[in-house]
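Residue-level listing of the chains:
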Amino acid sequence: MKSIDIVVPAFNEEACLPRFYERLQPVIDALDYEVRVIFVDDGSTDGTRRVIGELIDRDPRISLLRFARNFGHQAALTAGLDQADADAVITIDADLQHPPEKLPELLAAWEGGAELVSAIRARTADVGGFKRLSSKLFYRLLNVISPVSLTLDSPDFRLLDRKVVEAVCAMREQSRFLRGMYAWVGFESAQVPYAEDARAAGQSHYSLRAMLVLALSAVLSFSRVPLRLATYLGLSVSLLAFGFGVYALSMNLVFHQVIRGWTSLAVLVSFLSGVQLLTLGVLGEYLGQVLEETKGRPLYVLSERRLGAAGSGARAAGEEAAGAKSSGRESA
Ligand code: UDP
Ligand code: MG
């Protein structure tokens, strides 16, 4: 029988998790696969760990990875992928915005030959106009400036074949934007539409700041355009400045009009310093990213790993291998 790992990142989802499990359980019971559910507790400060512990006691298919602190959604997904050793891995949010009832459809597309099946948001829950608009604009922009093309409206609700998991897990960059990385590795892909629900409980953990950080790491790791932009900007401003220099000189030498031009000077100086700072800023961002990467730190730190009976029993041999592999990767 083929095996499936379901990776569920959870950060302060105490209220959502029981409902999530209630809806997931009948779905996985009906599946003709060996299923394991890996919850990744991303350093929650509420009762998330306790709730997952209770689920583990009830259902041997459930495992828990707990982070020593909050490392973020992308790190949590990465930890789940590292731990997973099944033939296919499904990533799904714990807040029920991604309906678990779609799993059979994702699996059918996989059985049909697709190696990367993305669930595409056909109808958005009422998440607020700003979030929707900013995310639309962002993906459009990213598609224009980066060499990989991203699917619009496809959050981290996906099925990945073993091959895709291996490829993505081999990429250990700090600045992680998994959606971009899936697009970068390629593979045969398919899409399954779904209607997004409202969050089951609580609030989104993606603050404006978190969204900006994710957007910045997406741009910086998938596009050299901002660097080039700095070059072009510098070049065109230099040309303009040269033209202005010729004009100023001829005014002085030919027309003998010594300009009282404080205004132009002030404008020029401030404009040029603006351009310089902008350019330096762009360079600094990339340099900062190089610094982060050269430190070679692990992408997350685990404080606990609790494998359900199913995880440590039936697939024990594979488990050991996966554990050894992932710790090797973490320190690599
Ligand atoms: N999440 C996480 N770490 C974080 C933020 C979020 O593991 O730092 C999880 C969260 O518990 C949920 C998923 O990632 O299962 C998506 O987060 P959320 O629903 O807050 O984001 P949104 O759906 O609003 O984009
Ligand atoms: Mg959500």
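Everything discussed here concerns the structure shown above.
Residues numbered from 1 in each chain as written. Chains lettered and ligands numbered in written order. Predicted model: local features only at pLDDT ≥ 70, side-chain atom pairs only at ≥ 80, totals over all residues. Heavy atoms only, no water.

Description of the overall build of the chain
Looking only at helices and strands, one finds 12 helices and eight strands in the chain. In summary, the chain has a C-alpha radius of gyration of 25 Å against a globular reference of 20 Å for 332 residues, an excess of more than 25%. Seen through its principal axes, the chain has C-alpha atoms that stretch 90 × 40 × 40 Å. The buried share among the 332 residues of the chain stands at 46%. Here the analysis covers contacts within the chain between residues at least 6 apart in sequence; of these, 84% occur between residues at least 24 apart. Approximately 16600 Å² of the chain is accessible, and the part contributed by carbon and sulfur atoms is 62%. (Helix = DSSP H or I, 4+ residues; strand = E, 2+ residues; numbered from the N terminus. Rg over C-alpha atoms; globule rule 2.2 N^0.38 Å. Buried < 20%, exposed > 50% of the residue type's maximum accessible area, 1.4 Å probe, protein only. Contact = heavy atoms within 4.5 Å. Areas by Shrake-Rupley, 256 points an atom, 1.4 Å probe, with all protein chains shown as cover.)

With respect to the site of ligand 1
Around ligand 1 sit 17 residues in total, of which Glu13, Asp42, Asp95, Ser204 and His205 are the nearest. In this structure, an oxygen atom belonging to ligand 1 sits 3.4 Å away from a side-chain N or O atom of histidine 73. Here an oxygen atom of ligand 1 and a side-chain polar atom of arginine 199 are 2.9 Å apart. Protein chains bury 89% of the 530 Å² of accessible surface belonging to ligand 1 in isolation. Broken down by class, the residue content of the shell around ligand 1 amounts to five nonpolar, six polar and six charged. (Near = heavy atom within 4 Å. Polar contact = N/O pair within 3.5 Å; in protein donor to acceptor, adjacent residues only side chain to side chain. Nonpolar A, V, L, I, M, F, W, Y, C, P; charged D, E, K, R; others polar.)

Quick word on the sheet that holds strand 7 (residues 189-195)
Strand order in the open sheet formed by eight strands is 7-5-6-4-1-2-3-8, and the pairing between neighbours is mixed. This sheet does not close on itself; its edge strands, each paired only once, are strand 7 and strand 8 (302-306). Taking each pair of neighbouring strands and ignoring which way they run, the sheet shows an average axis angle of 20°. Where strand 1 (residues 3-10) lies against strand 4 (residues 88-91), four bridges are found, and the strand directions are parallel. (Pairing = 2+ DSSP bridges. Axes fitted to C-alpha atoms, helices over the stretch in contact; angles between N-to-C directions.)

Comments concerning the coordination of the magnesium ion (ligand 2)
Protein ligation of the magnesium ion (ligand 2) involves Asp95 (OD) and Gln97 (OE1), the donor distances falling in the range 1.9 Å. Like glutamine 97, aspartate 95 is buried. (Donors = N, O, S within 2.8 Å, 3.2 Å for Na, K, Ca; no water.)

Brief notes about helix 9 (residues 225-253)
Residues spaced three or four apart along an α-helix point in a common direction, a consequence of the helix completing one turn every 3.6 residues. Taking 1.5 Å per residue as the helical rise, helix 9 with its 29 residues ought to reach 42 Å, and the 41 Å between its terminal C-alpha atoms agrees with that figure. Of the residues making up helix 9, those classed as buried are Pro226, Ala230, Val237 and Met251. (Expected span 1.5 Å × (residues − 1).)

Looking at the packing of aromatic side chains
Using the criterion set out here, one finds six aromatic pairs in the structure. Here phenylalanine 67 and phenylalanine 71 contribute two aromatic rings whose centre-to-centre distance is 5.4 Å and whose plane-to-plane angle is 90°, an arrangement assigned as edge-to-face. Relative to tyrosine 194, the ring of phenylalanine 157 lies with its centre 5.4 Å away and its plane at 85°, an arrangement referred to as edge-to-face. Taken as a pair, phenylalanine 157 in the loop between helix 5 (129-145) and strand 6 (158-161) and tyrosine 194 in strand 7 lie far apart in primary sequence, 37 residues in all. Here the two residues phenylalanine 157 and tyrosine 194 agree in accessibility, since each one is buried. An aromatic cluster is present here, built from Phe67, Phe71 and Tyr300 joined pairwise through their rings. Directly above the aromatic system of tryptophan 110 lies the positively charged group of lysine 2, at a separation of 4.8 Å from the ring centroid. The ring of phenylalanine 71 carries the charged tip of arginine 69 above its face, separated from the ring centre by 3.8 Å. (Phe/Tyr/Trp six-rings, centres within 6.5 Å; stacked < 30°, edge-to-face > 60°. Lys NZ or Arg CZ within 6 Å of the ring centre and 35° of its normal.)

Let's talk about the packing of helix 6 (residues 162-169) against helix 7 (residues 178-185)
The interhelical angle for the contact between helix 6 and helix 7, taken along N-to-C directions, is 115°, at an axis separation of 10 Å. The orientation of helix 6 with respect to helix 7, classified from their angle, is roughly perpendicular. As helix 6 runs across helix 7, the sense of the crossing is right-handed. Contacts between helix 6 and helix 7 involve Val164, Ala167 and Val168 from the former and Leu178, Met181, Tyr182 and Val185 from the latter. Its residues assigned to classes, the contact of helix 6 with helix 7 shows seven nonpolar, no polar and no charged. (Parallel < 35°, antiparallel > 145°, perpendicular 65-115°, else oblique. Left-handed = near helix turned anticlockwise from the far one by under 90°.)

Looking at the nonpolar core
Ranked by size, the top nonpolar core spans 39 residues in total, and within it Ile6, Phe39, Leu103 and Leu106 carry the most contacts. If you tally residues by element for this core, the top one is helix 1 (residues 17-30), at six residues. Apart from residues no more than four positions distant in its own chain, leucine 106 is found in contact with Ile90, Val117, Ala119, Phe157, Arg158, Leu159 and Val192. By size, the runner-up hydrophobic cluster in this structure holds 36 residues, among which are Val148, Cys169, Phe177 and Tyr182. (Core = buried A, V, L, I, M, F, W, Y, C linked by side-chain atoms within 4.5 Å.)

Some points on the side chain of glutamine 83
Mapping glutamine 83 onto the fold places it in helix 3 (residues 73-83). Engagement of the side chain of glutamine 83 in a polar contact is seen with the side chain of arginine 305, the distance being 2.4 Å.

With respect to helix 4 (residues 103-111)
For helix 4, the complete set of buried residues consists of Leu103, Leu106, Leu107, Ala109 and Trp110. On an axial view of helix 4, the arc spanned by its buried residues comes to 160°, and they lie on one face. For helix 4, the elements touching its buried residues are strand 1, helix 1, strand 4, strand 5 (116-123), strand 6 and strand 7. Following helix 4 by one or two positions, glycine 113 adopts a phi angle in the positive range, close to 115°. (Arc of directions from axis to C-beta.)

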